[in-house]
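Structural characterization, general
Here is what each chain is made of, one letter per residue.
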Amino acid sequence: MTVVIDRTRSPHDAGGSARAAGPVSAAARARQQASKGGGELYKPRAQIYPKRVNGRWRMVKWALMGVMLAIYYITPWIRWHRPGALPDQAVLVDFDGGRFYFFWIQLWPQEVYFITGLLVMAALALFLTTSIFGRLWCGYACPQTVWTDLFMMVERRFEGDRNARMKLDAAPWSLEKAWRKLGKHAVWLGIAFGTGGAWIFYFHDAPTLIRTFWIGQGAMTAYVSCALLTAATYVMAGAMREQVCTYMCPWPRIQGAMLDKHSLQVTYRYDRAEPRGPHKKGQTWEGRGDCIDCNQCVVVCPMGIDIRDGAQLECINCGLCVDACDEMMLKVGRPTGLIAYDTDAAVLDRAEGRKPIYRFIRSRTIFYTVALAVISGLMIWGLSNRSPVEAHALRDRNPTFVRLRDGSIRDGYTLKVANRAFEDRDYRVTVTGIPGARVWTPGSRGGGPVRIHVPANEVTALRVFVTAPPAGLNAASQPLTFRLTAPQASVEVKSVFLSGAANVSD
Ligand code: SF4
Ligand code: SF4
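Residues numbered from 1 in each chain as written. Chains lettered and ligands numbered in written order. Predicted model: local features only at pLDDT ≥ 70, side-chain atom pairs only at ≥ 80, totals over all residues. Heavy atoms only, no water.

1. Here's the deal with the overall build of the chain
Scanning the chain for helices and strands turns up 17 helices and 14 strands. Counting across all 506 residues of the chain, residues that qualify as buried make up 46%. Sequence-distant contacts, at least 24 apart, represent 68% of the contacts inside the chain between residues at least 6 apart. Here the chain displays about 26,300 Å² of accessible surface, and carbon together with sulfur accounts for 64% of that area. (Helix = DSSP H or I, 4+ residues; strand = E, 2+ residues; numbered from the N terminus. Buried < 20%, exposed > 50% of the residue type's maximum accessible area, 1.4 Å probe, protein only. Contact = heavy atoms within 4.5 Å. Areas by Shrake-Rupley, 256 points an atom, 1.4 Å probe, with all protein chains shown as cover.)

As structure tokens, then:
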């Protein structure tokens, strides 16, 4: 018999087995309500009361949540010594100074391509992990998931687990209900404010801002950003929750292009689960599947769906239904893994009596890996070969040149030198390309070497003249090179020397 996997329908429906009556998922309840309402434009939201679950994946989620929250809150407080008056915050987006600091790396606005490269790398890494492991990002690392988990933990502290919360919501207002609800929202607001507050420290010196913020002397952008992020965290993690993933986030739609039948996803192994039905202690397991229709996989789901209906756009692959089902399997003495991280292809293989084959190396994973390696290599090469100095020569436009009394030609330039190093630099300026040409600064009367001092992390401009004797000029426009030499590094700047269309020797 050939089993066809239809990921939009329940596998047991496709197989024709009867489904026992029982509690339905929140998504299914919402569908039912919508159909009763005669086709309203928007589907009504069914409140989801996820039940607490213990297990392997829940532990992984708690651990990752702790790590990620710690990274987010602690990072702005890490100090990193830089010389002079440079900020000592390890990670800082300094809009005022036009710099991005990341530990030993310092990026200037004109180096924004490094940020672009970093974003491309992050996107490719996400594509690669999604095509192999499914929506790992959504289930474990996405800020929406992490903060919603945190808010749910607070909710349980005040209102109890699923049944207690449902009872509390259905109960009339009382003093107890009021303090539980007020307490929950107060802690939510505190966390939301802490989230918004931590965010603004990435854009200002954190120890300074925490002092000035409370006395009303912080930057206006800090107050506005903090207020916006506080509101966004409170609303998205406290009130909207699964609706953000289902309706607002584009990723669930995009990730469909990265997934195929060999991608690991949280999967209901219908090959051993169906036909399902209640099971009493002592009853035989012959002629039936392992699913006892206990509905525990549904009540723990933070998205309010039933994984037994197959892969769904709402499923964030958090693995909580895996933990819930494993717990039930252990209770009834059946092997765990009825719901597990598995592939469609492997389930189909088992259903048809073949040994499952897992193919993690596929054309799409090879493509993502190669693209990621190339971009990473370019980024590393670019960062390690990045010049600490950048110089430009801006030629005077008016007058384009001046003929001096002795017949020589003088052009004016402004040299702009950006010193990206963490130390001051002194450059000696010379010119090459035109025989007999020399460079000098206005006011120096042409004598002495030309020097330019560029403080660390700053841009300095210097106006210079270049004078060339007629004997060295053979065209109206000739290439000219400024050479800036310092003990630490040298740099060359290409420019042109104009001497007029008329023959310079007349
Ligand atoms: S179906 Fe399972 S994996 Fe998917 S969101 Fe619900 S609990 Fe998480
Ligand atoms: S938790 Fe497992 S046994 Fe219970 S309904 Fe879900 S799949 Fe079936």
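From this point, the discussion proceeds with the structure in view.
2. Some words on helix α15 (residues 320-332)
Across its 13 residues, α15 extends 19 Å between first and last C-alpha, which sits within 8% of the 18 Å expected from 1.5 Å per residue. By the burial criterion, the buried members of α15 are L320, C321, V322, D323, A324, C325, D326, M328 and M329. Where α15 is buried, its residues meet α3 (56-74), β4 (265-268), α13 (270-273), α14 (296-299) and β5 (339-342). At the exit of α15 stands G333, carrying a positive phi of roughly 75 degrees. (Expected span 1.5 Å × (residues − 1).)

3. Things to note about the packing of aromatic side chains
Under the counting rule described, the total for this entry stands at 28 aromatic pairs. Here the aromatic rings of F102 and F103 are separated by 5.1 Å at their centres, their planes lie at 80 degrees, and the arrangement is edge-to-face. Each ring, one from Y113 and one from F114, has its centre 4.8 Å from the other, and the planes form 40 degrees; the classification is tilted. F114 gets classed as buried once you look at its relative accessible area, which sits at 6%. The structure contains a cluster of three or more aromatic residues connected by ring pairs, namely Y72, Y73, F95, W147, W199, Y202 and F203. One Lys or Arg, R410, reaches over the ring of F465 and ends 4.0 Å from the middle of that ring. (Phe/Tyr/Trp six-rings, centres within 6.5 Å; stacked < 30°, edge-to-face > 60°. Lys NZ or Arg CZ within 6 Å of the ring centre and 35° of its normal.)

4. Points about a nonpolar patch on the surface
Taken together, the side chains of Y358, F360, I361, I366, V370, V374 and L378 make up a nonpolar region of the molecular surface, amounting to roughly 660 Å² of accessible area. Mapped onto the fold, L378 is located in helix α17 (residues 363-384). What makes L378 exposed here is its relative accessible area of 54%. (Patch = residues over 30% accessible without salt bridge, like charges linked within 9 Å, V, L, I, M, F, W, Y side chains within 5 Å. Salt bridge = Lys/Arg side-chain N within 4 Å of Asp/Glu carboxyl O.)

5. What about the pattern of salt bridges?
Inspection of the entire model under this criterion finds 30 salt bridges. Its salt-bridge partner being K181, residue D169 comes within 2.6 Å of it at the nearest N-O pair. You can see D169 sitting in helix α7 (residues 162-170) and its partner K181 sitting in helix α8 (residues 175-200), a full twelve residues away along the chain. Judged by relative accessible area, which is 13%, K181 ranks as buried.

6. What to know about the nonpolar core
Judged by nonpolar contacts, the single largest core of 38 residues is most densely connected at V266, I307 and I339. Secondary-structure elements contributing two or more residues to this core are α4 (112-133), α5 (136-141), β4, α13, α14, α15, β5 and α17. The greatest single-element share of this core, amounting to six residues, is contributed by α15. Those residues in contact with I307 that lie beyond four places of it in its chain are V266, Y268, C297, Q312, C315, C321 and I339. Among the nonpolar cores identified, the runner-up in size contains 28 residues, and I409, V429, V493 and F497 belong to it. (Core = buried A, V, L, I, M, F, W, Y, C linked by side-chain atoms within 4.5 Å.)

7. Details of the side chain of T195
Within the secondary structure layout, T195 lies in helix α8. In this structure the side chain of T195 is engaged in a polar contact, spanning 2.9 Å, whose partner is the side chain of W147. Aside from chain neighbours lying at most four places away, what touches T195 is Y72, Y73, W147, L229 and T233. (Polar contact = N/O pair within 3.5 Å; in protein donor to acceptor, adjacent residues only side chain to side chain.)

8. Section: the side chain of H262
Its location among the elements puts H262 in the loop between α12 (251-254) and β4. Among the polar contacts made by the side chain of H262, one reaches the side chain of R359 at a distance of 3.5 Å.

9. Quick word on the sheet that holds strand β1 (residues 91-94)
Within the open sheet, the three strands sit side by side as β1-β2-β3. Their pairing is antiparallel. Two strands bound the open sheet, and with one partner strand each, they are β1 and β3 (105-107). Strand after strand, the sheet turns through a mean of 10 degrees between neighbouring axes, direction not considered. (Pairing = 2+ DSSP bridges. Axes fitted to C-alpha atoms, helices over the stretch in contact; angles between N-to-C directions.)

10. Notes on the environment of A257
Mapped onto the elements of the fold, A257 is located in the loop between α12 and β4. Here the alpha-carbon distance between A257 and S131, two residues 126 residues apart in the chain, equals 8.8 Å.

11. Some remarks on the environment of G55
Note on placement: G55 falls in the loop between α2 (26-36) and α3. A residue is classified by how much of its surface remains accessible, and G55, at 26% relative accessible area, is partly exposed. For the pair G55 and C325, spaced 270 residues apart in the sequence, the C-alpha separation amounts to 9.9 Å.

12. Quick word on α3
Over its 19 residues, α3 runs 27 Å from end to end, which matches the ideal 27 Å to within 8%, given 1.5 Å per residue. Those residues of α3 not exposed but buried are R58, K61, W62, M65, L69 and Y72. Looking straight down α3, one finds its buried side chains confined to an arc of 105 degrees; they lie on one side. Residues R56 and M59 are exposed on α3 and point more than 90 degrees away from its buried face. Buried-residue contacts for α3 involve α5, α6 (143-159), α8, α10 (220-240) and α15. (Arc of directions from axis to C-beta.)

13. Regarding the sheet that holds strand β9 (residues 425-432)
Note: strands within a sheet are paired through backbone hydrogen bonds, in either parallel or antiparallel orientation. Pairing is antiparallel in the open sheet, where four strands are placed in the order β11-β9-β13-β14. A strand with exactly one partner marks an edge of an open sheet, and here the two such strands are β11 (450-454) and β14 (490-498). Between one strand axis and the next, the sheet turns through 30 degrees on average, direction left out of account. Sheet topology places β9 next to β11; five bridges connect them, and they run antiparallel. If you follow R428 over to β11, its bridge partner there is R451.

14. Regarding the site of ligand 2
Near ligand 2, the surroundings consist of Y268, C291, I292, D293, C294, N295, C297, R308, C325, M329 and I339. Tallied by class, residues from the shell around ligand 2 come to eight nonpolar, one polar and two charged. (Near = heavy atom within 4 Å. Nonpolar A, V, L, I, M, F, W, Y, C, P; charged D, E, K, R; others polar.)

15. Details of the pairing of β1
The pairing of β1 with strand β2 (residues 99-102) spans four bridges and is antiparallel. Bridge pairing in β2 links V91 to F102. Once β1 ends, the chain turns through four residues before running back antiparallel as β2, passing G98 with a positive phi of about 65 degrees.

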